Each structure stands twice: as C-alpha cells, then as structure tokens.
Amino acid sequence: MKLLLLTNSSSGGGAEKVFNSLVDGFTKHSSCEIKHLYLKESSASKLWKVSGFFKFIYLVLKFKPDVVQSHLLYPNIINSFLSIFMRYKSQLVCHSSFERFQRSRNAYIIRLAYKKASSIVCISEEMQRQARVFLSRDDIEKIYNPHDLKDYQDLSSKDVSPVPFQSFLISVGRLVESKRIKDILLALQACNKKKNLVIVGDGDAREDLIVLAKKLDIEDRVFFAGHSSNPYPYIINSEAMLLASETEGFPNCLVESLALGVPIITTNCKTGPAEILRVSYEDDVLRRPYPNCSIYPVGDIDSLVNAIDSLDDMCVDTEQLKSLVSHLDLKDVIDLYYSSLQRLRNS
C-alpha cells in the first residue's frame, strides 16, 4: 500500500508529536510504502497554506498514493476536497473536540469537507460521538493516539537541565490561554501545603504567567523550564502531572505520566482525560479513581486545591498507573491504523 501522511508542521503540539510517531511506525511497517509532507516549512512564511497546497498536489501526482492520511483542520480540508478530483482515498484524523467546530464561523465548510472524506478517525470515544452528531455519519472510527512507551522509559533516565527543587509538581504543554495554567498558579497559592511547580513548555501566555506568579507571591516556587524535546526526566521525578485545560483531544502528557508511573491531576475536559482514567464524563465532580490521581471540573480551583493537598495522603501503585495506558503502545496502534487503511483501500 502506498500511503501519504500530511500535516501542517513537524513541531508545535501534541498532534504533531502523534504525527511524527505515526511516520516512524509506518516507516517500519513492511507492508507500507510511505511518504510524508509538512505543509509549513517555516513559521515565518505567511503564504505557507498556498505553497503547501501546491506542494501537496505535486507530491500526489508524483507518488500516486492509494490513501492520503491527514491530521489537523487545514490538511484535512484540502485532503478531502482534493481526493474528489485526484481519485485516491482520504482518511482524516481529528485531534480536537467537534464542539469547537460547531461554534466556528467555518462550520459549513468543515462539515462539507469532512462529509466528503473517505474515512474519518477520532482519537477519543467522546470525540467520535461528537463527530457522528456534527457530521451525521455513523462510519466514524476511534483509534487512540500511539505512544512509544519503552522510549519514554529510556529517555527518562537521560540528563537534562536541573530544576531548583527536590520535590515538585509538573505541567507540560503549550503556554496558551486554553491550557488554563493560571488556574494551577492560583491553586498553588491557595494550597495548605507549599508545593513547587515546574512548567515545561512555551507559548504566548508565558510572560503573563510569570507576572501572575509574582503577583501571587509564589515566584520562588514556580520554575519555567521552557520547551524541552525530552520532558520525561522532569516527569518521572515529579510528584504529579497537572492538566488544567478547558479542551483537549487526547492529552499526551497524561499518557506519558502514567506510562512512567506518575500520578495525574486533570480537568474533566473534552476530550480524553475521563477515558484515560476510565471514568464517566457525565459525573462532573472531583473524583479520585486511583490513589493520588484526581479528575475535577474545568475551572474548579477549589477542587484542584483539594486534589493537590491530598497528594501525600496515599501511596502510589506505579504498576497500576502504567497498566492504564499499556494498550496505547505504538506497535499496537499502528496495527489498528494499518487494518483501517487496508479496509479503506479495498473498499
């Protein structure tokens, strides 16, 4: 099978990380002839969508793929529409909640493009449910994100820049408003126990968060580590991973933490965290489904404080935490994708 993988860029967030894992996984699969394309070569290019579109057309004409699998909104739209004229099968992988699309000014275009796709894959069960409603399609698949669990363990023993704390909580991800890192800082200030926090990541909200930490008089307990290509040594040495997001697809940082036996404290945002912890989205109150692991309503800072303050009250079963994500191993997920693509090619 000739497979072309398409996305915006090689770096940026969780979806790009997943894309790169799939490229590696499919490259090692003996039954695939694979090529991949990043539409955006440079963050400085304002015309990357136009130039990327023509690069995509050229590669399709030259490579003649059986299937083009795309990731994220713009690649998904152009993949779907181009497949109509160039007679290949299109598979669109969705990485964000469809509730966001319902509120978008481009909802009509998104719905039209996605309905014309040969195949749609969602990365969580709740996202799959939303997509079926939004698109009025029953043939939407669910395949969770792939994770190289052994690689996480190997990388966690590497040397990285030190942090100024012996004991600390951690947050990993882009520093943007939707991640609600400010909620974590407010909770840190309100906790009875004086906890330290390491923030791994970068983004537009960084300076505002530094200012807020100073305003809350906790700047000596918060360390901004910046972006790291290897966050795993920080994660494995932390007390718990904190996620305060208002929306997600299937948050990689939670899977990475559990894979390393590190507890998580997360919002019950849509989508992903509830499925990772194997609890319901509907019962939206503070819950502790496993020792030192909590899930709480988005924006509920009091519950976040409660979850952090109770961290030391229980012991952690690292093997139990690892078992929650063992089914997400890269090889197993690649096999699921390959079976899906084979069915698509033969349909």
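Overview of the structure. (Residues numbered from 1 in each chain as written. Predicted model: local features only at pLDDT ≥ 70, side-chain atom pairs only at ≥ 80, totals over all residues. Heavy atoms only, no water.)

1. Notes on the sheet that holds strand E2 (residues 33-38)
Taken in spatial order, the 6 strands line up as E2-E1-E3-E4-E5-E6 in an open sheet, and their pairing is parallel. With one partner strand each, in any of the chains shown, E2 and strand E6 (141-142) form the two edges of the open sheet. Direction of pairing for strand E1 (residues 2-7) relative to E2: parallel, over a ladder of 6 bridges. Within E2, the residue paired with Thr7 across the bridge is Tyr38. Against the sheet, helix H2 (residues 48-63) contacts E1, E2 and strand E3 (67-71), and its axis sits at roughly 170° relative to E2. (Pairing = 2+ DSSP bridges. Helix = DSSP H or I, 4+ residues; strand = E, 2+ residues; numbered from the N terminus. Contact = heavy atoms within 4.5 Å. Axes fitted to C-alpha atoms, helices over the stretch in contact; angles between N-to-C directions.)

2. A short note on the side chain of Gln69
Relative to the helices and strands, Gln69 resides in strand E3. A residue is classified by how much of its surface remains accessible, and Gln69, at 0% relative accessible area, is buried. A polar atom in the side chain of Gln69 sits 2.8 Å from the side chain of His71. Those residues in contact with Gln69 that lie beyond four places of it in its chain are Leu3, Leu4, Leu5, Leu6, Leu22, Phe26, Asn79, Gln91, Val93, Tyr337 and Leu341. (Buried < 20%, exposed > 50% of the residue type's maximum accessible area, 1.4 Å probe, protein only. Polar contact = N/O pair within 3.5 Å; in protein donor to acceptor, adjacent residues only side chain to side chain.)

3. A closer look at the environment of Pro162
Relative to the assigned elements, Pro162 resides in the loop between helix H7 (149-155) and strand E7 (169-172). Taking C-alpha positions, Pro162 is 9.1 Å from Ala225, a pair spaced 63 residues apart along the chain.

4. Remarks on the packing of aromatic side chains
Inspection of every chain in the model, using the stated rule, returns 11 aromatic pairs. A centroid spacing of 6.5 Å and a plane angle of 70° characterise the contact between Phe26 and Tyr337, whose relative ring orientation is edge-to-face. Here Phe26, found in helix H1 (residues 14-27), pairs with Tyr337, found in helix H15 (residues 330-346); they are 311 residues apart in sequence, far enough to count as distant. Each member of the pair Phe26 and Tyr337 is classed as buried. Members of the aromatic cluster, connected to one another through ring pairs, are Phe98, Phe101, Tyr114 and Phe134. Positioned above the aromatic ring of Phe134 is the side chain of Arg111, whose terminal nitrogen or guanidinium carbon lies 4.1 Å from the ring centre. (Phe/Tyr/Trp six-rings, centres within 6.5 Å; stacked < 30°, edge-to-face > 60°. Lys NZ or Arg CZ within 6 Å of the ring centre and 35° of its normal.)

5. So, the packing of H2 against helix H3 (residues 73-86)
Orientation of H2 relative to H3, taken along the N-to-C sense of each, is 40°, at an axis distance of 11 Å. What the angle tells us is that H2 and H3 run oblique. Crossing geometry of H2 relative to H3 is assigned as right-handed. In this structure, H2 contributes Trp48, Lys49, Phe53, Phe56, Ile57, Val60 and Leu61 to the contact, and H3 contributes Tyr74, Ile78, Asn79, Leu82 and Met86. Partitioned by chemical class, the residues of the contact of H2 with H3 number 10 nonpolar, 1 polar and 1 charged. (Parallel < 35°, antiparallel > 145°, perpendicular 65-115°, else oblique. Left-handed = near helix turned anticlockwise from the far one by under 90°. Nonpolar A, V, L, I, M, F, W, Y, C, P; charged D, E, K, R; others polar.)

6. Digging into helix H13 (residues 301-309)
Turning to H13, its buried residues number three or more, namely Ser303, Leu304, Val305, Ala307, Ile308 and Asp309. Those residues of H13 that are buried lie in contact with E7, helix H8 (181-190), strand E10 (241-243), strand E11 (264-267), strand E12 (287-290) and strand E13 (293-296).

7. Section: the pattern of salt bridges
Side chains that differ in sign of charge can pair as their charged atoms come close. If you walk through the whole model with that rule in mind, you get 16 salt bridges. Where Arg180 meets Asp183, a salt bridge forms, and the shortest distance between an N and an O atom there is 2.7 Å. With respect to burial, Arg180 and Asp183 carry one shared label: buried. Taken together, the shared-partner salt bridges connect Glu99, Glu126, Arg129 and Lys270 into one network. (Salt bridge = Lys/Arg side-chain N within 4 Å of Asp/Glu carboxyl O.)

8. Concerning H2
Because an α-helix packs 3.6 residues into every turn, residues spaced three or four apart end up facing the same way. Helix length check: H2, at 16 residues, gives a terminal C-alpha distance of 21 Å against a target of 22 Å (1.5 Å per residue), a fit within 8%. Lys64 occupies a position one or two residues after H2 and carries a positive phi of about 55°. (Expected span 1.5 Å × (residues − 1).)

9. Here we look at unusual backbone geometry
Lys270 connects to Thr271 through a cis peptide bond whose omega is 10°. Tracing the sequence through the fold places Thr271 in the loop between E11 and helix H12 (273-276). Backbone geometry places Ser136, a non-glycine residue, at a positive phi of 55°. Structurally, Ser136 is set in the loop between helix H6 (125-135) and E6.

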